[in-house]
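Working through the structure, step by step
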Amino acid sequence: MPVNFTQSALMLSLLLGLGTAQANSASSDLAAVAGIPHPAVIAHRGASFDAPESTAASYTLARDLGADYLEMDLQRSKDGVIFALHDNNLSRTTDVASKFPERKDSPANAFTWAELQTLDAGSWFNKAYPERARPSYVGLKILSLDQIIDIAQANPKHQPGLYIETKEPKQFPGIEHELKNKLQERGLLSQTSVVSKEQPQVGQAKGKVILQTFEKSSLELLQKEMPDTPKILLLWVGEGSIEPKSKVSFADSGEKTKAAYYAKQEPKDKAEFEKWVDYAKAQGAIGTGPSAELTQGGDQSYSDLVKPWMNQYTHDKGMLVHAYTIDTPTDFKKVLDAGVDGIFTNRSSELLKYFKRPSPKTVPQILEANGY
Ligand code: G3P
Ligand code: CA
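Residues numbered from 1 in each chain as written. Chains lettered and ligands numbered in written order. Predicted model: local features only at pLDDT ≥ 70, side-chain atom pairs only at ≥ 80, totals over all residues. Heavy atoms only, no water.

Per an unreviewed UniProt entry, the recorded name for the protein chain is Glycerophosphoryl diester phosphodiesterase, and the organism is Pseudomonas batumici.

**A short note on the packing of aromatic side chains**
A full pass over the atoms with the stated rule returns 19 aromatic pairs. Ring plane angle 45° and centroid distance 5.9 Å describe the contact between Phe83 and Trp113, whose orientation is recorded as tilted. Note that Phe83 is positioned in strand 3 (residues 82–84) and Trp113 in helix 5 (residues 113–116), a separation of 30 residues in sequence. Classification of Trp113 by relative accessible area gives buried; the value is 18%. Seen from their ring centres, Phe214 and Tyr324 are 5.9 Å apart, and the 90° between their planes marks the pair as edge-to-face. In this pair, Phe214 sits in the loop between strand 5 (209–213) and helix 9 (216–225) while Tyr324 sits in the loop between strand 8 (320–323) and helix 14 (329–337), placing the two residues 110 residues apart along the sequence. Phe214 sits in the partly exposed class, given a relative accessible area of 26%. (Phe/Tyr/Trp six-rings, centres within 6.5 Å; stacked < 30°, edge-to-face > 60°. Helix = DSSP H or I, 4+ residues; strand = E, 2+ residues; numbered from the N terminus. Buried < 20%, exposed > 50% of the residue type's maximum accessible area, 1.4 Å probe, protein only.)

**With respect to the pattern of salt bridges**
A side chain with one charge can pair with a side chain of the opposite charge if their charged atoms come near. Within this structure, the stated rule accounts for 31 salt bridges. The salt bridge involving Lys182 is made with Asp146; its shortest N-O contact spans 2.6 Å. In this pair, Lys182 sits in helix 8 (residues 175–185) while Asp146 sits in helix 7 (residues 145–153), placing the two residues 36 residues apart along the sequence. What makes Lys182 buried here is its relative accessible area of 19%. For Glu255, the salt bridge goes to Lys264, with nearest N and O atoms at 2.6 Å. Take Glu255: its relative accessible area is 23%, and that puts it in the partly exposed class. The class for Lys264 is exposed, based on a relative accessible area of 60%. When salt bridges that share partners are traced, they join Arg45, Glu53, Asp73, Asp87, Arg92, Glu165 and Lys167 into one network. (Salt bridge = Lys/Arg side-chain N within 4 Å of Asp/Glu carboxyl O.)

**Observations regarding the environment of Ala56**
Residue position: Ala56 is located in helix 3 (residues 56–65). Separated by ten residues in sequence, Ala56 and Gly46 have C-alpha atoms that sit 8.6 Å apart. If near-sequence neighbours (up to four positions away) are discounted, Ala56 is found in contact with Leu61, Leu143, Ile151 and Tyr372. (Contact = heavy atoms within 4.5 Å.)

**Concerning the pairing of strand 2 (residues 69–76)**
The buried fraction of strand 2 is high, at eight of eight residues. Burial along strand 2 is two-sided: Tyr69, Glu71, Asp73 and Gln75 facing one way and Leu70, Met72, Leu74 and Arg76 facing the other are all buried. Sheet topology places strand 1 (residues 40–43) next to strand 2; two bridges connect them, and they run parallel. The partner of Ile42 across the bridge, within strand 2, is Tyr69. As defined by bridge partners, strand 2 adjoins strand 3 across three bridges and the pair is classed as antiparallel. Counted as the bridge partner of Leu74 is Ala84 from strand 3. Between strand 2 and strand 3, which pair antiparallel and follow one another directly, the connecting turn spans five residues, one of which, Gly80, has a positive phi of 90°. (Pairing = 2+ DSSP bridges.)

**Brief notes about the site of ligand 1**
Every residue lining ligand 1 is accounted for by His44, Arg45, Glu71, Asp73, His86, Glu165, Lys167, Gln212, Phe214, Leu234, Tyr324 and Phe344. Take Glu165: an N or O atom from its side chain is 3.0 Å from an oxygen atom of ligand 1. A distance of 2.6 Å separates an oxygen atom of ligand 1 from a polar atom in the side chain of Gln212. Protein coverage of the free-state accessible area of ligand 1, which is 290 Å², stands at 94%. In the shell around ligand 1, the residues fall into four nonpolar, three polar and five charged. (Near = heavy atom within 4 Å. Polar contact = N/O pair within 3.5 Å; in protein donor to acceptor, adjacent residues only side chain to side chain. Areas by Shrake-Rupley, 256 points an atom, 1.4 Å probe, with all protein chains shown as cover. Nonpolar A, V, L, I, M, F, W, Y, C, P; charged D, E, K, R; others polar.)

**Considering the coordination of the calcium ion (ligand 2)**
In a perfect tetrahedron of four donors around a metal, the angles come out at 109.5 degrees. In a perfect octahedron of six, they are 90 or 180 degrees. Surrounding the calcium ion (ligand 2) are the protein donor atoms Glu71 (OE), Asp73 (OD) and Glu165 (OE), which sit 2.2 to 2.3 Å from the metal. For the calcium ion (ligand 2), the six donor atoms in the first shell make angles of 57 to 159° at the metal, so the coordination geometry reads as irregular. Sequence spacing of the donors to the calcium ion (ligand 2): E-x1-D-x91-E. Taken as a pair, Glu71 in strand 2 and Glu165 in strand 4 (residues 161–166) lie far apart in primary sequence, 94 residues in all. Residues Glu71 and Glu165 agree in their burial class; the two are buried. (Donors = N, O, S within 2.8 Å, 3.2 Å for Na, K, Ca; no water. Tetrahedral: all angles 85-135°; square planar, octahedral: opposite > 155°, others 65-115°.)

**Some points on the confidence of the model for the protein chain**
For the protein chain, per-residue confidence averages 93 on the pLDDT scale, and 91% of positions sit at 70 or higher. Low confidence marks residues 13–23, where pLDDT is under 50. Its contacts with residues over four positions away, or in another chain, come to eleven contacts. (pLDDT = per-residue confidence, 0-100.)

Okay, structure coming up:
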């Protein structure tokens, strides 16, 4: 019987005499066994601070900066094409309201791939962030999974891995099986590794694909379909995830912002947090993806699930912690000091600098070299 990830990592830890007091060193060994960089730079929807999320501009930029992983949220068109979209409709990030006004709030699976390809997925960014706007972002297209794989493999000097989330998976029954077929067809489920220590290529290593989901049922299906591919259970305080201590809703809380509300949300108790980590491990996950509270607040500041005791508990179970979504040196330090093993970031350029792995080229230089 092949030795699995957790067994190998635990054996390695025991051989090295690592106890819980040295969990971070042990967790870097855990990552090494799985072929996952430690600490990992995970480009959240690509380099989405600098370019429209989940587009070719954003993913080529993250790749050429040197991010370890391209992160994406997958959904499925009416005619079966798997593509990247974060929200549960197209209205924030495309011009669906002008092209298909009667369906502007419809979910992605109400549209064929041909319809989706008529949408402009870049202009919204120029309006939202005029200081980072570029004329070349106008008219950017929604990308299929196939196209993102092509992007990940197109730079011979650096091939990032893929960090794939099944988004709203109950809306897309069977997507886990279809994802497995696609990854298999593209040769991304093979366990072979041609990585050299001198020039690691994440995209060719054992950890070249990491699967992630918030949904228990999707984690179970992903494990059934792709038992040998690393999986992360995303954690959150609230409906469908960790039960909160207080059931007061945002509307009733009196808080001015969602960030202020989430900052006060915490797991019901210690056992509730531990229950989710235990569940993830029992389902074959190699780690968790907890939310983090951001110093400056904002719409990606959530409940603090990266407290040192939480990371320690997860490490003690032989599992990794990849926290989302962190963009500033202050917060990089905070979560790394608390023990996380990787960071989802909208600003790969900044995180790579923080890890002393800066890109030799600037963000504008890369964008321009790629035609943006
Ligand atoms: O997948 C990690 C992180 O992306 C989870 O949050 O809402 O941005 O998908 P979200
Ligand atoms: Ca995601």
